[in-house]
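In case you want the letters, here they are:
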Amino acid sequence: MTDLLAIGTRKGLWLARSEDGRRTWELGEPHLLAQEVAAVCVDTRRSRPRILAGIQYGHWGPTVMWSDDLGASWQETESGAIRFPEDAGAALERVWQLRPDSADRPDVVWAGCEPHSLWRSTDGGCSFSLVRGHWDHPHRPTWEPGGGGGAVHTILPDPASDRVTIAMSTGGVYVSEDGGQRWEPRNLGITAPFLPEPPEYGQCVHKVAVDAADPDTMVAQNHFGVFRTEDAGRHWSSIADGLPADFGFPIAASPSVPGTAWVVPLVADMQRVPPAGRLRVHRTRDGGATWTESADGLPDGAWTAVMRDAFCVDEDDPTGVYVGTRDGCVYASADEGDSFTLVADHLPDVLAVRAVRLP
Amino acid sequence: MSVQVVLPGVLADLAGGSKHLELDPDGRTLADLLDQLAARHPQLGRRIRDETGRVRRFVNVYVDGDDVRFSGGLATTVRDGAEVQVLPSVAGG
């Protein structure tokens, strides 16, 4: 039984393994060294797990690479896995998100990119097609880039239907009920303090996660505010009461326990560090009605931040929780966030973490 | 027509391990030369230019010692016997 933790950083990818039920971890040597890995996923639907990495070669541009042998070798499509068609008049800037679809769609992988664009692969991530219904949306010219760039950074395909939910900074939450052909904004109730009036769209939603209870229930970490919907995004209400700060980048929901989710609050807007420099994960078990601070194993004096994809949960029982920081530390919890252990430190800025149990 | 292309070591693997390539472009512009380079070595082509055809921001191309950003860009004339050098710019951290 091997648990694998993929750690994407500003200067490469690291893989950590646990052979003892996530109690201890062994960190391997760097892969793709000197290349930014802002997006990573481990696709366990295949006979051999595939690691997909959205990389930035620095001077030489972005692309997607993959490994079918857990990092021993890496491949990329000759002409590039993600290329804007000529009539789009755009060039890929960065891959922000790589998301395998459900087990029923074993070769479908989604990618969210900068500039704001959504991509779909039907060959396991070797090549992607631009989702035209999204790219041609009349709102697109008015989606502004946030501080990190304008991108689709969250993709949530519903395994039981053709619904796809995405989030963009900025742009907010958009939902397609037909697999990506038509899209509508669903942001009612999500605030946008950087605009004079709450807009229909244009919010800076940092991350969205689906509750284990049903696909209509989701939670969102916003650029100020934590929100919950029970009607697939048509209405959102605040669940930030009880948190020390309502700003943050990531949010994750338990894949198995309804109402359970985690956030990492940051003081904002300018500082963007943990309150009083104490890195803490906050967990709700009741859909956001109350929050409990997790401190065991997490540091004080941590004037750092956790990026939106440098936080994840696994699908084990009990759920594992993983935190990567901008100062190159990675913490893992095998008990739903009750306690954390240090997996790695002194890495480059951690941009993405993903954890799976290898089949 | 013969043009010598000089690559940085980090890109040589994408050109069969060679830092020096000899090309015979169909046209006489830098764009023509880079088109031929990309046709022979697609991954190398993508490192130098994005899918709109623009030279990437942190890639510098010199034709006979002149930075094309300050001359004719992709329309720069490439003469028979020219040397075209590709270099990464001063960037990173």
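Residues numbered from 1 in each chain as written. Chains lettered and ligands numbered in written order. Predicted model: local features only at pLDDT ≥ 70, side-chain atom pairs only at ≥ 80, totals over all residues.

J.: How would you sum up the overall build of chain B? Please name residues and give values.
T.: Helix and strand counts for chain B come out as three helices and five strands. The C-alpha radius of gyration computed for chain B amounts to 12 Å, which stays within 12% of the reference 12 Å derived for 93 residues, consistent with globular compactness. C-alpha atoms of chain B, sized along the principal axes, occupy 40 × 30 × 25 Å. Across chain B, every contact between residues at least 6 apart in sequence was considered, and the portion connecting residues at least 24 apart equals 52%. (Helix = DSSP H or I, 4+ residues; strand = E, 2+ residues; numbered from the N terminus. Rg over C-alpha atoms; globule rule 2.2 N^0.38 Å. Contact = placed C-beta atoms within 7 Å.)

J.: An account of the overall build of chain A is needed here, citing residue identities and associated values.
T.: For chain A, the helix and strand inventory stands at one helix and 27 strands. The C-alpha atoms of chain A give 19 Å as radius of gyration, which agrees with the globular expectation for 359 residues (21 Å, within 12%). Overall size of chain A, expressed as C-alpha extent along the three principal axes, is 50 × 50 × 40 Å. Across the 359 residues of chain A, 53% fall into the buried class. Restricting to contacts in chain A with at least 6 residues of sequence separation, those with at least 24 account for 49%. (Buried ≥ 20, exposed ≤ 12 C-beta atoms within 10 Å, placed from the backbone.)

J.: Break down the sheet that holds strand β6 (residues 62–67) of chain A for me, citing the residues and quoting the values.
T.: Residue and element names in this part refer to chain A. Reading across from one edge, β4-β5-β6 is the order of the three strands in this open sheet, with antiparallel pairing throughout. Here the strands that pair on one side only, and so sit at the sheet edges, are β4 (36–43) and β6. Going across the sheet, the axis of each strand differs from the next one's by a mean of 20°, ignoring polarity. Examined bridge by bridge, strand β5 (residues 50–56) and β6 share six bridges and lie antiparallel to one another. Its bridge partner being in β6, isoleucine 51 is matched across the sheet by serine 67. (Pairing = 2+ DSSP bridges. Axes fitted to C-alpha atoms, helices over the stretch in contact; angles between N-to-C directions.)

J.: Outline the interface of chain B and chain A, supporting the account with residue identities and numerical values.
T.: Chain B puts 15 residues into the contact, and the matching count from chain A is 14 residues. Looking at the side of chain B that touches chain A element by element, the count peaks at four residues for helix α3 (residues 42–48) of chain B.

J.: An account of the nonpolar core is requested, with residue identities and associated values reported.
T.: With 104 residues, the main nonpolar core has A:Val40, A:Ala53 and A:Val353 as its most contacted residues. Leaving out residues up to four positions away in the same chain, A:Val40 has contacts with A:Ala6, A:Gly8, A:Leu13, A:Ile51, A:Leu52, A:Ala53, A:Leu98, A:Ala352 and A:Arg354. Of all hydrophobic cores here, the second largest spans 16 residues; its members include B:Val5, B:Leu11, B:Leu34 and B:Val63. (Core = buried A, V, L, I, M, F, W, Y, C linked by C-beta atoms within 7 Å.)

J.: An account of unusual backbone geometry is needed here, citing residue identities and associated values.
T.: Residues and elements named next belong to chain A. Of note, the amide linkage connecting serine 169 to threonine 170 takes the cis form, showing an omega dihedral of -15°. Mapped onto the elements, threonine 170 comes out in the loop between β12 (164–169) and β13 (172–176). Cis geometry is adopted by the peptide bond preceding aspartate 269, which originates at alanine 268 and carries an omega value of 15°. Here aspartate 269 is to be found in the loop between β20 (261–263) and β21 (281–284). The phi angle at alanine 34 is positive, at roughly 80°, despite the residue not being glycine. Since 13 C-beta atoms lie within 10 Å of it, alanine 34 is described here as partly exposed. For leucine 70, which is not glycine, the phi torsion reads 55° and is therefore positive. Along the chain, leucine 70 turns up in the loop between β6 and β7 (94–100). Note on leucine 70: 19 C-beta atoms within 10 Å, which makes it partly exposed.

J.: Kindly report on the environment of B:Asp64, identifying the contributing residues and their values.
T.: Residue and element names in this part refer to chain B. For aspartate 64, the location among the structural elements is in the loop between β3 (59–63) and β4 (66–67). Between the alpha carbons of aspartate 64 and valine 78 there is a distance of 8.6 Å; along the sequence they are 14 residues apart. Discounting residues that sit within four places of it in the chain, aspartate 64 has contacts with Ala82 and Glu83.

J.: Account for the pairing of β6(A), with residues named and values stated.
T.: Residue and element names in this part refer to chain A. Of all six residues in β6, six are buried; the element is thus mostly enclosed. By the alternation rule, side chains of β6 split into Pro62, Val64 and Trp66 and Thr63, Met65 and Ser67, which are all buried. Remark: five residues form the turn of the hairpin made by β5 and β6, two consecutive strands paired antiparallel; glycine 58 in that turn has positive phi of roughly 75°.

J.: Quick rundown of the confidence of the model for chain B? Include the residues and the values.
T.: Residue and element names in this part refer to chain B. The share of residues in chain B with pLDDT of 70 or more is 100%, and the mean pLDDT across the chain is 95. Across chain B, the secondary-structure element scoring lowest on mean pLDDT is helix α1 (residues 9–12), at 93, and the one scoring highest is strand β1 (residues 3–6), at 98. Across the whole predicted complex the pTM is 0.97, and at the interface the ipTM reaches 0.92. (pLDDT = per-residue confidence, 0-100.)

J.: Got a sec to walk through helix α2 (residues 30–40) of chain B? Specific residues and values, please.
T.: All names here are of chain B. Looking at α2, one finds that the buried residues are Leu30, Leu33, Leu34 and Leu37. In an axial view of α2, the angular spread of the buried residues amounts to 95°, which keeps them on one side of the axis. Summarising the contacts, the buried residues of α2 are in contact with β1, β2 (20–23), α3, β3 and β5 (83–88). (Arc of directions from axis to C-beta.)

J.: I'd like a rundown of the sheet that holds strand β23 (residues 311–313) of chain A, residues and numbers included.
T.: Residues and elements named next belong to chain A. Spatial ordering of the open sheet is given by β23-β24-β25-β26, a layout of four strands whose pairing is antiparallel. Only two strands of the sheet have a single partner each, and these edge strands are β23 and β26 (341–344). Sheet twist, expressed as the mean angle between neighbouring strand axes with direction ignored, is 25°. Taken together, the three bridges between β23 and strand β24 (residues 321–324) define a ladder with antiparallel strand orientation. Residue pairing across strands places valine 313 opposite valine 321, the latter belonging to β24.

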